[in-house]
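What follows is each chain in one-letter form.
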Amino acid sequence: MPTASGSEGSSPRVLIIGLNYAPETTGISPYTSALARGLAERGVAVSALTAHPHYPEWEIHDGYGRWRSTEVIDGVTVTRLRHYVPAKPGGLNRLVSELTFGLRLVFARWGNPDVIVMVSPALFSTALAMARARLSPTRPLVNVWVQDIYSLGITETGMGVGPVAKLITWVEKTTLRAASGVVVIHDRFGEHLSRRLGVAAERIEVVRNWTHLDPAAPTDVVATRARHGWADGETIVLHAGNMGVKQGLENVVHAAGLADEQERPVRFVLLGNGSQRDELQALGASVTRLQFIGSLDDAGFQDALASADVLLVNEKPGVSEMAVPSKLTSYFNAARPVIGATDPDGLTASEIEAANAGRIVSAGDPQALLDAALALGSDAVLARSLGENGFRYRTDVLGEGAAIDKFARWLHRIVTRAGTRR
């Protein structure tokens with residue numbers, strides 16, 4: 001890859017800036033960490049500037065928390081900055097958290113990178129970092145990697161309307177239009193950024209999120225189910241990952257309540273953590289066909305996915321275009337059938353249908369969710385076929401190596417284009 005001056009034969013210095021990084025195991029972190037590792041393995045001089053691990057528990061992990069610290073992970077120098085981590089990350093607390101990280105970025109030492117890859121979310125810290133980059137005497141090239149579209153998310157989840165939504169849209173539009181390049185994780189993201197936010201189409205590249213888990217080793221299903229207390233005669237419907245507002249998991253609690261009332265042989269399992277977990281546990285305190293499991297290590301996580309009968313993506317009614325759930329890649333890797341309780345015309349549904357890996361029911365319809373779970377649980381042939389389709393899609397479409405190669409080529413084009421202009 002050429003340097004920012006356009007000279008050939010040397011690799012540019014790349015700085016990745018994002019709120020989440022390993023050892024966090026869910027959300028955006030596995031992708032940011034894998035991109036950094038993959039670029040380093042390809043001979044790129046790459047470093048990362050991030051926060052201390054805190055997601056999805058919203059509590060800084062043991063052994064971390066200094067004002068500033070540096071470590072090396074998979075050949076990448078990772079600098080961590082302490083920022084405000086709220087115990088309850090909703091609304092204003094979430095904004096203050098992002099702004100404090102952004103302010104730390106503004107005054108941090110960046111080195112002298114040729115290209116900066118900023119990961120959004122978090123939008124507001126990215127916006128502050130973009131301002132710092134534009135005012136820098138060296139004017140490094142900036143690529144923004146869009147994992148979620150903030151302006152869509154704030155309206156689809158009902159967390160912001162009127163002036164708030166307009167402000168967030170303006171911040172997002174201004175930040176993305178200032179970038180030298182923008183990477184999105186789905187074609188429909190790119191179309192929205194171009195059509196609604198005015199980002200030039202030639203500055204947008206689509207790089208699909210990949211499966212960050214290796215193909216699962218054979219799982220002792222009997223032992224795993226016994227460890228979690230799952231009976232042979234019940235259909236296990238597992239939702240893994242963050243328990244936040246966007247997921248709308250009250251629907252799952254209500255579906256489990258219906259299973260109790262109707263005495264159906266099904267158990268709904270919520271695996272992971274998040275800002276809404278306490279509320280969900282309180283809501284489902286009397287529901288016997290509902291189970292909560294804390295976060296697991298990679299091996300335990302893959303064992304749980306492979307041992308469930310059905311894997312679930314649940315989204316709040318109204319959520320349609322703001323994000324492609326990262327959990328889908330893990331689900332496809334587990335070769336289990338998937339239910340999407342979501343907008344039938346949204347991104348999540350389109351991804352499951354593209355893989356022919358499961359069934360779609362309307363968001364916020366707990367009876368439809370229960371019926372779909374029972375149908376898949378009673379048809380082993382169909383369940384196996386859908387699971388195999390998902391794994392095939394994971395192999396053919398969502399490969400990590402091809403995705404990182406494409407990202408590296410995109411950074412190369414940004415640098416080359418800038419060098420030519422200069």
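By the naming in an unreviewed UniProt entry, the protein goes by D-inositol 3-phosphate glycosyltransferase and is assigned to Cryobacterium lactosi.

Caption draft 1: Expanded view of the domain arrangement of the protein. Domain assignment breaks the protein into domain 1 (14–210 + 399–420) and domain 2 (221–397). Using C-alpha coordinates to define each centre, domain 1 is positioned 28 Å away from domain 2. Taken residue by residue, the interface counts 24 residues in domain 1 and 28 residues in domain 2. Of the roughly 2000 Å² buried between domain 1 and domain 2, counting both surfaces, carbon and sulfur atoms make up 50%. Between the two partners, domain 1 and domain 2, sit two salt bridges. Put simply, Lys246 and Asp148 hold a salt bridge, and the shortest N to O gap is 3.7 Å. Summed over the shared surface of domain 1 and domain 2, the result is four residue pairs in polar contact (both at pLDDT 80 or more). Across the side of domain 1 that touches domain 2, the residue classes break down as 10 nonpolar, eight polar and six charged.

Caption draft 2: Local environment of the pattern of salt bridges. By the definition in use, this model includes 11 salt bridges. With a shortest N-O distance of 3.2 Å, Asp114 and Arg13 are connected by a salt bridge. Of this pair, Asp114 sits in the loop between helix 2 (91–107) and strand 5 (115–120) while Arg13 sits in strand 1 (residues 13–17), placing them 101 residues apart in sequence. A relative accessible area of 11% places Asp114 in the buried class. Residues joined by salt bridges that share partners form a network here, namely Arg37, Asp74 and Glu400.

Caption draft 3: Main features of the packing of aromatic side chains. As enumerated under the stated definition, the model contains six aromatic pairs in all. On the basis of an interplanar angle of 80 degrees and a centroid distance of 6.2 Å, the ring pair of Tyr55 and Trp58 is categorised as edge-to-face. Note on accessibility: Tyr55 and Trp58 belong to one class, buried. Put simply, the rings of Tyr31, Trp145, Trp210 and Phe407 pair up and form one aromatic cluster. For the cation-ring pair, Arg104 lies above Trp67, with the distance from its terminal atom to the ring centre recorded as 3.7 Å. The ring of Trp110 carries Arg132 above its face, with NZ or CZ at 4.1 Å from the centroid.

Caption draft 4: Just the nonpolar core, in detail. Residues Trp110, Trp145 and Leu193 are the most contacted members of the largest nonpolar core, which totals 73 residues. Examining the composition of this core, we find that nine residues originate from one element, helix 15 (residues 400–421), more than from any other. Once residues within four sequence positions are removed from consideration, Trp145 is found in contact with Tyr31, Thr32, Leu35, Val117, Met118, Val119, Ser120, Val183, Ile185, Asn209, Trp210 and Phe407.

Caption draft 5: Just the sheet that holds strand 4 (residues 76–81), in detail. Overall, mixed pairing links the eight strands, which are arranged 3-4-2-1-5-6-7-8 in an open sheet. Since the sheet does not close on itself, it has two edges, and those belong to strand 3 (68–73) and strand 8 (204–206), each with one partner. Across the sheet, the axes of successive neighbouring strands diverge by a mean angle of 20 degrees, strand direction being ignored. One ladder, built from six bridges, connects strand 3 with strand 4; its direction is antiparallel. Within strand 4, the position partnered with Glu71 by the bridge is Val78. Along the sheet, helix 2 contacts strand 1, strand 2 (45–51), strand 3 and strand 4; its crossing angle with strand 2, the most-contacted strand, is approximately 140 degrees.

Caption draft 6: Just the sheet that holds strand 13 (residues 338–342), in detail. The sheet built from six strands is open, its strands ordered 11-10-9-12-13-14 with parallel pairing. Every interior strand has two partners, whereas the edge strands, strand 11 (290–293) and strand 14 (358–362), have only one. The sheet shows a mean angle of 25 degrees between the axes of neighbouring strands, taken without regard to direction. Judged from the five bridges that link them, strand 13 and strand 14 form a sheet pairing that is parallel. Bridge pairing in strand 14 links Ile339 to Arg359. Contacting strand 9 (235–240), strand 10 (266–271) and strand 12 (310–314), helix 10 (residues 298–307) crosses the sheet at an angle of about 140 degrees to strand 9. Strand contacts of helix 12 (residues 347–355): strand 12, strand 13 and strand 14, with the helix running at about 155 degrees to strand 14, the strand carrying the most contacts.

Definitions and cut-offs
- Residues numbered from 1 in each chain as written.
- Predicted model: local features only at pLDDT ≥ 70, side-chain atom pairs only at ≥ 80, totals over all residues.
- Heavy atoms only, no water.
- Domains from an automatic or database assignment.
- Contact = heavy atoms within 4.5 Å.
- Buried area = accessible area lost by both parts, 1.4 Å probe.
- Salt bridge = Lys/Arg side-chain N within 4 Å of Asp/Glu carboxyl O.
- Polar contact = N/O pair within 3.5 Å; in protein donor to acceptor, adjacent residues only side chain to side chain.
- Nonpolar A, V, L, I, M, F, W, Y, C, P; charged D, E, K, R; others polar.
- Helix = DSSP H or I, 4+ residues; strand = E, 2+ residues; numbered from the N terminus.
- Buried < 20%, exposed > 50% of the residue type's maximum accessible area, 1.4 Å probe, protein only.
- Phe/Tyr/Trp six-rings, centres within 6.5 Å; stacked < 30°, edge-to-face > 60°.
- Lys NZ or Arg CZ within 6 Å of the ring centre and 35° of its normal.
- Core = buried A, V, L, I, M, F, W, Y, C linked by side-chain atoms within 4.5 Å.
- Pairing = 2+ DSSP bridges.
- Axes fitted to C-alpha atoms, helices over the stretch in contact; angles between N-to-C directions.

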